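So the chains spell out like this:
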Amino acid sequence: MKPVPDQTFYVTTPIYYVNDAPHIGHGYTTVMGDIITRWHRQRGEDVWYLTGTDEHGLKVLRKAEQNGMTPQEWADRLIETEWMPLLETIDVANDDFIRTTEERHLVGSKAFWQDLYDRGAVYKGEFSGWYSVGAEEFVGDDDVLDGEGEDEGFKVSALDGSRLEHVTEENYFFKLSEYQQALLDLYEQNPDFIQPASARNEVISFVQRGLKDLSMSRSTFDWGIQVPWDEKHVMYVWIEALLNYVTAIGYGTDQDAFEKRWPASIHLVGKDIARFHAVIWPAMLMAAGQPVPHQVFAHGWLLVGGQKMSKSKANGIRPDEIVGTFGSDAYRYYFARAITFGSDGSISWEDIHARYHAELANGFGNLASRVASMIGSYFDGSLPAAGELTDAEQRVVGTIESAVADADAAIEAVAPQDALAAIWRVVDELNGYLTEQAPWKVAKEEGQRERLATILVTAAEGLRALAVLLNPVMPKACASLWESLGAEPALGNLADQRIADVARWGQLPEGTTITKVPSLFPRIET
RNA sequence: GGGGAGGUAGCUCAGCCGGUCAGAGCAGAGGACUCAUAAUCCUUCGGUCGUGGGUUCGAGCCCCACCCUCCCCA
């Protein structure tokens, strides 16, 4: 297969398992992908951002039964009441949302499996061993322990403590073992295929130890997609779920669309599932004769008090709670700024609160407020014409130019935290610039109208740049700022502003109406 | 048992291939200013860079051992 130039910047999140309601980790991954894709859209690229839900498997089936529903009803309800609203809550602009119970996924998955079968990558065998319903995973004999306490009398998994069930059934197997060398070559030739380095090391050492063929179907229950050549089997949920990345864009249903978007540019995943995406998934694609994705990017855990956040530890912070208090923009900003994407990161309510006030309210929001206010009182809200730019203005221009370049490079490197750090140099520069130039003093001096105008126009242009650069991260606040700057009549929609054009000076025309709008980030009294 | 990541100011973290690398933000202290969301700006306090060795003209950054945390594998 020859590499084809990408027509589309295609990013995916994992599809989320619908046995429960979303938690902050889901929101985190989805928001980071949203920030990256919004930035790429503002670069003028053709972008496709996919997220969705994984709805098959024994765990969902049982959860539904416990609640007296069919699995389809259960999934429908959770999608309706929890998962779709989450996207709204955290303000995600995904292009598509796939559910694995949709027809396109059924058809596409069957087509993919048939391809695997026709190419001889699949054989029938018998599996006898332990299965964890909780993790939807087969567990090797070495990892089976006797349960204690509540699990007395049961076998449990050494991996995650979940209860195991012994199963003996006829399964179809995928010849994963044949792809060891091809995978190692892939990692070798494409160092960025699995990032960051910690995940890459782990995956490589795992593959180097050798790969076993993978049981890829189940025959003891039927909540899944039927194997096309054998209706007694349904696809193993993990294998089937991975296929969403191709079925959503037309594999088996719309070949032109598929070829346009595949391969994916980045699969965003949590580090716990990096292996499925960096080992099994590329092997399956190779087996089916398809190109592999460009990158699997594994992010870290969110830690609260040094511990991985989870419901069972009762240290969880709910996404809607953060958004309810600080707003979706702050939620998005916080996770992008405070955590090095790819590493574990500590989060806390106190930290969110502190950064909200120090960085968003005092830093950015107040800047927008003071500029609009001064243009309002000194020029009746009508942007004046700037005079000669002095060194001070040139410094502001230079800061913006370098911030744009650095931020763009950071996004390219999947490092939103660095992009925000670069952009924030503009916020700090402008606040310092205003204090130094003291336009409120200049306003009182005779014959200094032009100088006053130059200062405020410079500040307004700086805000214009910030609105564009921060729009991928904080679309609501930036829309409000865009409105405050009266930019739309002359410049058009905020989302249509191009990154490459941000630093070009003097885009806001003389006479633009600047209005004071409600605070971008009002202080939150607690 | 093997392997990986990390242990840097009170807190959260940057520090690429060894030579302004001892940093940033927040918090603390002092000052300036008043356009602004009791906001802004400046100055300042603060660390023997996990421990002990070693290599080097020179080491958070390389090597060895050890301690602690997390993860993967067995």
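What counts and what doesn't
- Residues numbered from 1 in each chain as written.
- Chains lettered and ligands numbered in written order.
- Predicted model: local features only at pLDDT ≥ 70, side-chain atom pairs only at ≥ 80, totals over all residues.
- Heavy atoms only, no water.
- UniProt positions renumbered as here; feature names shortened; annotations may be inferred.
- Pairing = 2+ DSSP bridges.
- Helix = DSSP H or I, 4+ residues; strand = E, 2+ residues; numbered from the N terminus.
- Near = heavy atom within 4 Å.
- Polar contact = N/O pair within 3.5 Å; in protein donor to acceptor, adjacent residues only side chain to side chain.
- Nonpolar A, V, L, I, M, F, W, Y, C, P; charged D, E, K, R; others polar.

Chain A is annotated in an unreviewed UniProt entry as Methionine--tRNA ligase of Aeromicrobium terrae. One UniProt comment on chain A, placed under Function (unreviewed entry), says "Is required not only for elongation of protein synthesis but also for the initiation of all mRNA translation through initiator tRNA(fMet) aminoacylation." You can read under Subcellular location (unreviewed entry) in the UniProt record for chain A the words "Cytoplasm".

Student: How should I be thinking about the sheet that holds strand 10 (residues 214-215) in this particular structure?
Tutor: Paired through their backbone hydrogen bonds, the strands of a sheet run either parallel or antiparallel. The sheet built from four strands is open, its strands ordered 5-4-8-10 with antiparallel pairing. The open sheet has two edge strands, strand 5 (137-139) and strand 10, and neither has a second partner. The pairing of strand 4 (residues 122-132) with strand 5 spans three bridges and is antiparallel. Each bridged residue has a counterpart across the sheet, and for serine 132 the counterpart in strand 5 is glutamate 137.

Student: What am I meant to see in the protein's contact with RNA strand B here?
Tutor: Around RNA strand B, 26 residues are found, and the nearest of them are Arg275, Gly365, Asn366, Arg370 and Thr435. Of what RNA strand B places within 4 Å of the protein, 77% of the atoms are sugar or phosphate. Note that a sugar or linking oxygen of RNA strand B is positioned 3.4 Å from one of the backbone N or O atoms of asparagine 362. One of the side-chain N or O atoms of arginine 523 is found 3.0 Å from a phosphate oxygen in RNA strand B. Elements with a minimum of two residues in the surface near RNA strand B: helix 6 (197-208), helix 13 (349-379), helix 15 (416-437) and helix 16 (439-442). Top contributing element to the surface near RNA strand B by residue count: helix 13, with ten residues. When its residues are assigned to classes, the surface near RNA strand B shows six nonpolar, twelve polar and eight charged.

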